[in-house]
Amino acid sequence: MKPAQRIDSLVGATVKIQGNVEFAGGLRIDGCVCGNVAGRVGEPSTLVLSEQGCIEGEIQSCVVVVNGAVRGSVRGTEYVELQPKASVTGDVYYKTIEIQLGALVDG
């Protein structure tokens, strides 16, 4: 399963969220989230973390695309893509993974 082309929700670059986020569909994070980010159980979900985005907490989604910083575990039930600027401090769980040159994982 590749990432969905459609983004339903956006966390802008100037936004900082304190607390957990639950979503369905496509979510792009350009800002920072201090809390867990999870796709709604039983619904398709795609999380895209841009180069300037950061998450301090656990991630769980059907599809996870990371190009920013994550401090916490990443769980992609279908597909995980770590792009060149990705930096993950935590464990990565996946069914299928794509890691591009330059991505860092410390887990």
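Computed from a predicted structure; not experimentally measured. (Residues numbered from 1 in each chain as written. Predicted model: local features only at pLDDT ≥ 70, side-chain atom pairs only at ≥ 80, totals over all residues. Heavy atoms only, no water.)

**Overview of the overall build of the protein**
Tallying secondary structure elements over the protein gives zero helices and 14 strands in all. Scanning the protein from its N terminus toward the C terminus, one meets helices and strands in the order β-β-β-β-β-β-β-β-β-β-β-β-β-β. Relative to the 2.2 N^0.38 estimate, which gives 13 Å for 107 residues, the radius of gyration of the protein is 12 Å and therefore close to what a compact globule would have. Taken across its 107 residues, the protein has 43% of its residues classed as buried. Taking as baseline every contact in the protein between residues at least 6 positions apart, the subset at least 24 positions apart corresponds to 8%. By element, 49% of the accessible surface of the protein is carried by carbon and sulfur atoms, the whole surface being about 5700 Å². Here the protein carries 9 positive and 12 negative side-chain charges, and the mean point of each set is 2 Å from the other. (Helix = DSSP H or I, 4+ residues; strand = E, 2+ residues; numbered from the N terminus. Rg over C-alpha atoms; globule rule 2.2 N^0.38 Å. Buried < 20%, exposed > 50% of the residue type's maximum accessible area, 1.4 Å probe, protein only. Contact = heavy atoms within 4.5 Å. Areas by Shrake-Rupley, 256 points an atom, 1.4 Å probe, with all protein chains shown as cover. Lys, Arg positive; Asp, Glu negative; His and termini not counted. Charge placed at Lys NZ, Arg CZ, Asp CG, Glu CD.)

**Quick look at the state of the cysteines**
Following the criterion strictly, the structure yields one disulfide and no others. Across the disulfide, C32 is cross-linked to C54 (sulfur-sulfur distance 2.1 Å). One disulfide, between C32 and C54, carries an S-S torsion of 115° and so falls in the right-handed class. Within this pair, whereas C32 is found in strand β5 (residues 32-34), its partner C54 is found in strand β8 (residues 54-56), the two being separated by 22 residues in sequence. (Disulfide = S-S within 2.5 Å.)

**Here we look at the pattern of salt bridges**
Per the counting criterion, the structure on display carries five salt bridges. Of the charged contacts in the structure, one is a salt bridge between D8 and R6, with a shortest N-O distance of 2.5 Å. Among the residues examined, D8 registers a relative accessible area of 38% and is labelled partly exposed. A single salt-bridge network, built from bridges that share partners, covers E22, R40 and E43. (Salt bridge = Lys/Arg side-chain N within 4 Å of Asp/Glu carboxyl O.)

**Overview of the environment of G102**
Relative to the helices and strands, G102 is located in the loop between β13 (92-99) and β14 (104-106). A relative accessible area of 45% places G102 in the partly exposed class. Taking the C-alpha atoms as reference points, G102 and P84, 18 residues apart in sequence, are found 4.4 Å from one another. For G102, the residues in contact, after removing those within four places along its chain, are P84 and A86.

**Thoughts on the sheet that holds β14**
Taken in spatial order, the six strands make up an open sheet running β2-β5-β8-β10-β12-β14, and their pairing is parallel. Two strands in the sheet have a free side with no partner beyond their single neighbour: β2 (16-18) and β14. Strand-to-strand twist in this sheet, taken as the mean axis angle between neighbours without regard to direction, amounts to 5°. As paired strands, β8 and strand β10 (residues 69-71) are joined by three bridges and run parallel to one another. Across the sheet, residue E56 finds its bridge partner in β10, namely R71. (Pairing = 2+ DSSP bridges. Axes fitted to C-alpha atoms, helices over the stretch in contact; angles between N-to-C directions.)

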